[in-house]
Amino acid sequence: MAKEQIKHTQIAIVGGGPAGLSAGIVAAKLGARVCLIDDNPRLGGQLVKQTHKFFGSKSHYCGTRGIDIARILEDELRATGCEIILNTTCIGHFRPNILGLAGAESFTKLTYDRLIVATGASENNILFENNDLPGVYGAGAVQTLMNVYGIRPGKRVLMVGSGNIGLIVSYQLLQAGVEVVAVVEALPRIGGYHVHAAKLRRLGVPILVSHTIKAALGKDSVTGAIICRLNKRLEPLKGTEKRLKVDTICLAVGLSPLVELLSQIGCQIVYIPELGGLVAWHNDDLETSVPGVYVAGDVSGVEEASTAILEGRIAGANAVMSLLGKNNDAERIIQEAKRELSLIRQGPFGEKVAKGKKRLYALNQLTQA
Amino acid sequence: MPEKTFKRKLRSGDEATRITEHPILSFTRGPEVTFYFEGRPLKGYLGETIAAALVANGVRVFRYSERHNRPRGFFCAVGKCSSCLMIVDGRPNTMVCMEPLREGVRVERQKGRGKI
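Everything in this summary refers to the structure shown in the same document.

Cut-off values and rules
- Residues numbered from 1 in each chain as written.
- Chains lettered and ligands numbered in written order.
- Predicted model: local features only at pLDDT ≥ 70, side-chain atom pairs only at ≥ 80, totals over all residues.
- Heavy atoms only, no water.
- Helix = DSSP H or I, 4+ residues; strand = E, 2+ residues; numbered from the N terminus.
- Buried < 20%, exposed > 50% of the residue type's maximum accessible area, 1.4 Å probe, protein only.
- Contact = heavy atoms within 4.5 Å.
- Areas by Shrake-Rupley, 256 points an atom, 1.4 Å probe, with all protein chains shown as cover.
- Buried area = accessible area lost by both parts, 1.4 Å probe.
- Salt bridge = Lys/Arg side-chain N within 4 Å of Asp/Glu carboxyl O.
- Nonpolar A, V, L, I, M, F, W, Y, C, P; charged D, E, K, R; others polar.
- Pairing = 2+ DSSP bridges.
- Axes fitted to C-alpha atoms, helices over the stretch in contact; angles between N-to-C directions.
- Left-handed = near helix turned anticlockwise from the far one by under 90°.
- Core = buried A, V, L, I, M, F, W, Y, C linked by side-chain atoms within 4.5 Å.
- Disulfide = S-S within 2.5 Å.
- Parallel < 35°, antiparallel > 145°, perpendicular 65-115°, else oblique.

Topic: the overall build of chain B
Within chain B one finds two helices and eight strands. In chain B, the succession of helices and strands from N to C terminus is α-β-β-α-β-β-β-β-β-β. Sorting the 116 residues of chain B into buried and exposed places 49% on the buried side. Of the contacts formed within chain B by residues at least 6 apart in sequence, a portion of 46% connects residues at least 24 apart. When the accessible surface of chain B is split by element, carbon and sulfur atoms take 49% of a total near 6,100 Å².

Next up, the structure:
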């Protein structure tokens, strides 16, 4: 029987990935009472399946594997005494400041003074014939199967998308003993880091630019795929179709921020393609149009784990200051994280997000109405 | 017919296999458990989800869509896409990608909307 509880916390954080964990660490260390909620049985978000080493600077764990970063952040958060609620989904928001939390056998109303939403993003799909067929998997799902549970998703895989996720997951598939038949990329150039692409090419995996998937073949599950060439306007070229014998199609075609909760709260939602689509409007302190509600990580614009960590720190420190007053430590954390963020976003792969954030901040006037 | 394909796949069994050797990861699996898929006993490990155990056993069709009766399977693995809704111990619309595997759990394919 479900039993209902009512609880209160100073700062509630939804999501236990790199952004939520970092926000929790900072907020709890600065003296706030924090409660973090996650729908998974363990903390770390998508880090728990990332076996690759991270780039960047020491302060956001370069050279460390994602799985290890998850553990480091979790240990640090647990040491602060922050309350952690796992296996629990935040299913709704009630006015003025109540979260509805559903566990397997319980329902909790959690009231909060400040809220940090770090719900991340979800896998995109693209249009092609039979794209709903079993055997068409999201790249994240393939990573979960392989790297968390140690299960091969299939024997022969077609990877769609050559961004960093597509390239890294292809390499991980090879490590797991799965054949990657090809990587197709709609644009005329490879999307991700060259080092990842070079590793794949050395192992004989063709990366076909200006190519896309036209159809998945099979009745009950994938038995093949049809790919074709694209022209410069990304239109399929007739007569270039090729049939591939694969049992799995892995989609690495981007992510969309999970803004449902923010939308329900009443945060202004805006469409910024560079940030992954619909995002809650926020300023550079990561506060949304609803005072006291902050965002961090992919939900504020799809990026990567290291920037999620930095955004989490900024959101956590700002939430504490708005609750307990100005404080030098918090100010310093924010300044440092902002400086590092702008450094990362000056790089070739941060440029897009930097542009998106700039467009978002320019909407300032709109949201005041 | 979907069922025939399924039986054939179950017998061949190696459609999707367990990784035993890996250059980076080592998998510590929980105790082995038996669960039932459409009445047939299958093996899995505690600590994994029902969806993972099904994929490891070569099961790809998890349910059939409501309007066009199209097969649906595992897709996002993080409880967001609803592609994996199944009947678990009689309870329909269970996201098996989030539901932990238990000894003796009964899992069935769902057709259309679940009846409560």
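Still to come is the rest of the account.
Looking at the interface of chain B and chain A
At the junction of the two partners, chain B supplies 35 residues and chain A supplies 42 residues. Contact with chain A buries surface across chain B, with Arg60(B), Phe74(B) and Phe75(B) losing the most and accounting together for 22% of the total. Notably, a salt bridge pairs Asp132(A) with Arg72(B), separated by 2.9 Å at the nearest N-O pair. Only α1 (2-12), α2 (50-56) and β4 (71-72) of chain B provide two or more residues apiece to the side of chain B that touches chain A. For the side of chain B that touches chain A, the residue count by class is 19 nonpolar, six polar and 10 charged.

A short note on the pairing of strand β5 (residues 85-88) of chain B
Residue and element names in this part refer to chain B. With three bridges connecting them, β5 and strand β6 (residues 91-95) associate as antiparallel partners. Among the inter-strand pairings, Leu85 is bridged to a residue of β6, identified as Met95. Connecting the antiparallel pair β5 and β6 is a turn made up of two residues, with Asp89 showing a positive phi of about 50 degrees. Bridge analysis of β5 against strand β7 (residues 106-108) gives two bridges, and the strand direction is antiparallel. The residue of β7 that forms the bridge with Ile87 is Glu108.

Concerning the environment of Gly276(A)
Residues and elements named next belong to chain A. Among the secondary structure elements, Gly276 is positioned in the loop between β17 (269-272) and β18 (277-280). The spatial distance from the C-alpha of Gly276 to the C-alpha of Ser300 is 9.0 Å, given a sequence separation of 24 residues. Setting aside chain neighbours within four positions, we find Gly276 in contact with Leu255, Ser256, Pro257 and Val302.

Notes on the packing of helix α4 (residues 164-175) of chain A against helix α5 (residues 194-202) of chain A
Residue and element names in this part refer to chain A. In the contact formed by α4 and α5, the axes pass within 9 Å of each other and the chain directions differ by 35 degrees. The two elements α4 and α5 cross, and the hand of that crossing is left-handed. Counting all contacts with α4, which are made through Asn164, Leu167, Ile168, Ser170, Tyr171 and Leu174, the residues of α5 involved are His196, Ala197, Lys199 and Leu200. Tallied by class, the residues present in the contact of α4 with α5 amount to six nonpolar, three polar and one charged.

A look at the nonpolar core
Within the largest apolar cluster, 115 residues are counted, with the highest numbers of intra-cluster contacts made by Leu99(A), Leu54(B) and Phe62(B). In terms of residue count, the dominant contributor to this core is helix α7 (residues 305-324) of chain A (10 residues). Apart from residues lying up to four places away in sequence, Leu99(A) is in contact with Ala12(A), Val14(A), Ile37(A), Cys90(A), Gly92(A), His93(A), Thr108(A), Lys109(A), Leu110(A), Tyr112(A), Leu115(A) and Leu261(A). Counting 20 residues, the second-largest nonpolar core is a separate cluster that includes Val136(A), Val160(A), Ala216(A) and Cys76(B).

What about the environment of Glu103(B)?
All names here are of chain B. Locating Glu103 in the fold gives a position in the loop between β6 and β7. A residue is classified by how much of its surface remains accessible, and Glu103, at 53% relative accessible area, is exposed. For the pair Glu103 and Lys80, spaced 23 residues apart in sequence, the C-alpha to C-alpha distance is 26 Å. For Glu103, the residues in contact, after removing those within four places along its chain, are Glu32, Val33 and Thr34.

Quick look at unusual backbone geometry
Of note, the bond from Arg95(A) into Pro96(A) is cis; its omega dihedral lies within 30 degrees of zero at 0 degrees. Note that Pro96(A) resides in the loop between β4 (89-94) and β5 (98-102). In this structure, Asn93(B) takes a positive phi of about 60 degrees despite not being glycine. With respect to the helices, strands and loops of the structure, Asn93(B) is situated in strand β6. By relative accessible area, Asn93(B) is classed as partly exposed at 36%.

Notes on the pattern of salt bridges
According to the stated counting rule, one finds 27 salt bridges over all chains in the structure shown. The salt bridge partner of Asp132(A) is Arg70(B), with a shortest N-O separation of 2.7 Å. Taken as a pair, Asp132(A) in the loop between β7 (121-123) and β8 (136-138) and Arg70(B) in the loop between β3 (63-64) and β4 lie in two separate chains rather than in one. Residue classification places Asp132(A) among the buried residues on the basis of a relative accessible area of 18%. Overlapping salt bridges bring together Asp89(B), Arg91(B), Glu99(B), Arg102(B) and Arg106(B) as one network.

A look at the state of the cysteines
All names here are of chain A. Tallied over the full model, the rule gives zero disulfides over all chains. Left without a disulfide partner, Cys267 is nearest to the cysteine sulfur of Cys90, which lies 12 Å away. By relative accessible area, which is 5% here, Cys267 ends up buried.

So, the packing of helix α3 (residues 139-148) of chain A against α4(A)
All names here are of chain A. Running from N to C, α3 and α4 point in directions that differ by 30 degrees, and their axes come no closer than 10 Å. In terms of axis orientation, α3 runs roughly parallel to α4. For the element pair α3 and α4, the recorded crossing hand is left-handed. Contact residues: α3 offers Ala139, Val142, Gln143, Met146 and Asn147, while α4 offers Ile165, Val169, Gln172 and Leu173. The residue makeup of the contact of α3 with α4, split by class, is six nonpolar, three polar and no charged.

Such coordinate-based values are descriptive only and should not be taken to indicate function.
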